[in-house]
Amino acid sequence: MTFVSGFYEGKIGGPLTLGGVTLNVGSKVEFFQAAVNGLYVPDRKVLGGHLGLSVTVPVGHIDLNASVTGPLGNTFHDETAGWGLGDITTRMQLGWQQGDFAHLAYVQAVAPSGRYAVGFQPDIGLNRPGIDIGWAFTWTEKTSKLQFNGAAGVTFNFTNNATDYDSGTDFHFEWAVGYEICKGLIVGPAGYDYRQLTSDSGSGARLGPFEGSVDAIGGGLTYTTLIGSTPLILSARHYQEFNVERRWEGNNTIFSGTVRF
């Protein structure tokens, strides 16, 4: 069982031309999300590996602040905020352990269960189904006490029927390198990279066929201990985004705790 919480703060903005009139638009977001994940691993192996079945249920709070400045310098501000259920995900994975190298393949389904309404609303969900497939690994080099982690995936996003907006397909890669400075405590750099592979489309994509991208780098730590005979894993990570194209740009902080029964 894993409990995770995260806080994202970002902004986006720039000139926008509509009907021959250039406007300066901008928006800021503060987004808090917490989720619980349950993972079940049966004793029986499949294809020589361990089968895992999981579900993640998130809730979140979002605060959006938007502004539009016209050619005469007149500025309009608006703000919206609220709590809501996020998009529930279910996942099936198959993992293998080969000495100091562990890896798994997964397929994950995203359900459009989150709070959503058309317009300038405190949306927690995306109102579209999605399928994410990927591969993840962990390799520990015992001599140097270095640990290398990575996860790569491709997400197939389906249409938001409320707006006829299709965000296309995207690729994501998350990585972390850790060094065990003392028993159970691993620290090191971490980051993620995102690339949209196909353009936005549909009648709702009024601003054009966007293809977003972002990179992020930061640091993290993981601490593993025992509560009685029960393993407990605590993790903290912080990322700063850069090299952003057609997306929010900000920073991301994530905390998690995992208990193994």
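Above this text you will find the structure in question.
Residues numbered from 1 in each chain as written. Predicted model: local features only at pLDDT ≥ 70, side-chain atom pairs only at ≥ 80, totals over all residues. Heavy atoms only, no water.

Asker: Looking at this structure, I do not really get the overall build of the protein chain. What am I missing?
Answerer: For the protein chain, the count of helices and strands is 0 helices and 14 strands. Across its three principal axes, the protein chain shows a C-alpha extent of roughly 65 × 35 × 30 Å. The buried share of the protein chain, taken over its 261 residues, is 32%. For the protein chain, the share of sequence-separated contacts (at least 6 apart) that also reach a separation of at least 24 residues comes to 55%. As displayed, the protein chain has an accessible area near 14,900 Å², and 62% of this comes from carbon and sulfur atoms. In the protein chain, 16 positive and 23 negative side-chain charges are present, and the distance between their average locations comes to 8 Å. (Helix = DSSP H or I, 4+ residues; strand = E, 2+ residues; numbered from the N terminus. Buried < 20%, exposed > 50% of the residue type's maximum accessible area, 1.4 Å probe, protein only. Contact = heavy atoms within 4.5 Å. Areas by Shrake-Rupley, 256 points an atom, 1.4 Å probe, with all protein chains shown as cover. Lys, Arg positive; Asp, Glu negative; His and termini not counted. Charge placed at Lys NZ, Arg CZ, Asp CG, Glu CD.)

Asker: I'm lost on the packing of aromatic side chains in this one. Help?
Answerer: Inspection of every chain in the model, using the stated rule, returns 5 aromatic pairs. Considering the side-chain rings of Phe101 and Phe137, the 6.2 Å spacing of their centres and the 20° angle between planes classify their relative orientation as stacked. Pair noted here: Phe101 is in strand β7 (residues 101-110) and Phe137 is in strand β8 (residues 130-141), with a separation of 36 residues, a long-range link. Note on Phe101: relative accessible area 24%, which makes it partly exposed. For Phe137, a relative accessible area of 22% translates into the label partly exposed. Ring geometry for Trp139 and Phe148: centres 5.5 Å apart, planes at 20°, overall stacked. By relative accessible area, Trp139 is classed as partly exposed at 37%. On the accessibility criterion, Phe148 (28% relative accessible area) is partly exposed. What links up through ring pairs into an aromatic cluster is the set Phe101, Trp135 and Phe137. When the ring centre of Tyr106 is taken as origin, the NZ or CZ atom of Arg91, which lies over that ring, is 4.1 Å away. (Phe/Tyr/Trp six-rings, centres within 6.5 Å; stacked < 30°, edge-to-face > 60°. Lys NZ or Arg CZ within 6 Å of the ring centre and 35° of its normal.)

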